[in-house]
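Chain by chain, the residues:
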Amino acid sequence: MNNDLKGKVNRLGIMGGTFDPIHYGHLVAAEMARAEFKLDKVLFIPTGTPPHKNRKGISDAELRFEMVKRAIQDNPSFDISRLEIEREGPSYTVETLRVLRRMWPEHELYFITGSDALLEIFSWREAEEIFRLIEFIGAARPGFDASDFFLKVQQEHPETKGKIHYLEVPALAISSTDIRARVRRGEPIRYLLPEAVRLYLAQHKLYTDT
Ligand SMILES: Nc1ncnc2c1ncn2[C@@H]1O[C@H](COP(=O)(O)OP(=O)(O)OP(=O)(O)O)[C@@H](O)[C@H]1O
Ligand SMILES: O=C(O)c1ccc[n+]([C@@H]2O[C@H](COP(=O)([O-])O)[C@@H](O)[C@H]2O)c1
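Per an unreviewed UniProt entry, the protein chain goes by Probable nicotinate-nucleotide adenylyltransferase and derives from Desulfosporosinus youngiae DSM 17734. Turning to the protein chain, the UniProt record has this under Catalytic activity (unreviewed entry): "nicotinate beta-D-ribonucleotide + ATP + H(+) = deamido-NAD(+) + diphosphate".

Caption draft 1: Region of the structure containing the overall build of the protein chain. Helix and strand content of the protein chain: eight helices and six strands. Its C-alpha radius of gyration of 17 Å places the protein chain within 12% of the 17 Å reference for a compact globule of 210 residues. Its C-alpha atoms give the protein chain principal-axis dimensions of about 50 × 40 × 35 Å. In the protein chain, which comprises 210 residues, the proportion classed as buried is 38%.

Caption draft 2: Expanded view of the site of ligand 2. Taken together, 15 residues lie near ligand 2, and Gly16, Thr18, His52, Thr93 and Trp124 sit nearest. Among the elements of the structure, β1 (11–17) and α3 (93–103) are those that each provide at least two residues to the shell around ligand 2. Looking at the shell around ligand 2, its residues break down into six nonpolar, seven polar and two charged.

Caption draft 3: Representation of the environment of Ile22 in the model. When you line up the elements, Ile22 lands in the loop between β1 and α1 (24–36). Residues Ile22 and Arg64, spaced 42 residues apart in sequence, show a C-alpha to C-alpha distance of 7.8 Å. When neighbours within four sequence positions are excluded, Ile22 is seen to be in contact with Met67, Val68, Ala71, Leu193 and Val197.

Caption draft 4: A look at the pairing of strand β6 (residues 164–167). When strand β5 (residues 135–139) meets β6, the two strands line up parallel, connected through four bridges. When the bridges of β6 are listed, Ala139 appears paired with Leu167. Between β5 and its parallel partner β6, the chain crosses via helix α6 (residues 147–156), and the hand of that crossover is right-handed.

Caption draft 5: Seen up close, unusual backbone geometry. Cis peptide bonds are those with omega within 30 degrees of zero, and the linkage from Asp20 to Pro21 qualifies with 5°. Among the structural elements, Pro21 can be located in the loop between β1 and α1. Even without glycine at this site, Glu126 takes up a positive phi of about 50°. You can see Glu126 is positioned in the loop between α4 (115–119) and α5 (127–133). Since 15 C-beta atoms lie within 10 Å of it, Glu126 is described here as partly exposed. Residues other than glycine seldom take positive phi values, yet Tyr191 does so here, at roughly 80°. Mapped onto the elements of the fold, Tyr191 is located in the loop between α7 (176–185) and α8 (195–203). The exposure class assigned to Tyr191 is exposed, which follows from the 10 C-beta atoms found within 10 Å.

Caption draft 6: Fine view of the site of ligand 1. Taken together, 18 residues form the shell around ligand 1, and within it Gly17, Gly25, Gly114, Ser176 and Thr177 come nearest. Every element with two or more residues in the shell around ligand 1 is listed here: α1, β4 (108–114), α4 and α7. Ranked by residue count, the leading element in the shell around ligand 1 is α1, at three residues.

So, how was this worked out
Residues numbered from 1 in each chain as written. Chains lettered and ligands numbered in written order. Predicted model: local features only at pLDDT ≥ 70, side-chain atom pairs only at ≥ 80, totals over all residues. UniProt positions renumbered as here; feature names shortened; annotations may be inferred. Helix = DSSP H or I, 4+ residues; strand = E, 2+ residues; numbered from the N terminus. Rg over C-alpha atoms; globule rule 2.2 N^0.38 Å. Buried ≥ 20, exposed ≤ 12 C-beta atoms within 10 Å, placed from the backbone. Near = placed C-beta within 6 Å. Nonpolar A, V, L, I, M, F, W, Y, C, P; charged D, E, K, R; others polar. Contact = placed C-beta atoms within 7 Å. Pairing = 2+ DSSP bridges. Right-handed = clockwise from strand over helix to strand, strands pointing away.

As structure tokens, then:
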């Protein structure tokens, strides 16, 4: 990651995720957010230890990082950060955002999530503080209807006023869970994720027994 984005970048998207593995659902959400919100860059931040995922056997952070690196390599507007994988303990977003805010106090920051993650946002550590640090772009994800959430959120959580933006994206019912299950069952995953990622996870024999 280039820490010195000053001058070149004013509007920055943050795409946090476990990315085990990264797939086209993530990439389409990031690219549509970039275009719709005129972001100069989208920074992918793979989690070190995901705060809310209890699943055993999450792949090694370095392997997940390498998959993201390969997935974004041909997009000059996408970048990747080691911030969370180098930090000890659960990767709380509020801590990451404090670091990013210190680095870029004047930038307009947007955290990009799918609607499933957005629906859980008030269970995140220091959610109120998060809304002081960043705005959210919530990308529609099949199976997670957030229309009620968008209707009520500003009344129930006034600190979010004007800070959660809805983003319609081409619906892709792709999940990392489904990709892992397909690999385990020996079913195809081609076209669900970039070919470079598919080759990398096959080479490292990921998900064959998880
Ligand atoms: N198909 C999708 N469409 C829109 N957003 C998505 C999609 N898949 C994931 N996201 C969003 O990307 C972010 C990172 O997701 P994550 O890495 O947990 O992927 P996942 O497919 O949900 O993984 P898993 O199935 O292991 O829970 C989250 O904000 C999530 O909501
Ligand atoms: O900070 C928290 O409490 C928190 C709780 C759940 C999820 N998050 C963040 O939300 C992003 C998507 O999470 P996930 O579990 O869907 O990969 C990722 O950047 C996580 O670190 C953050």
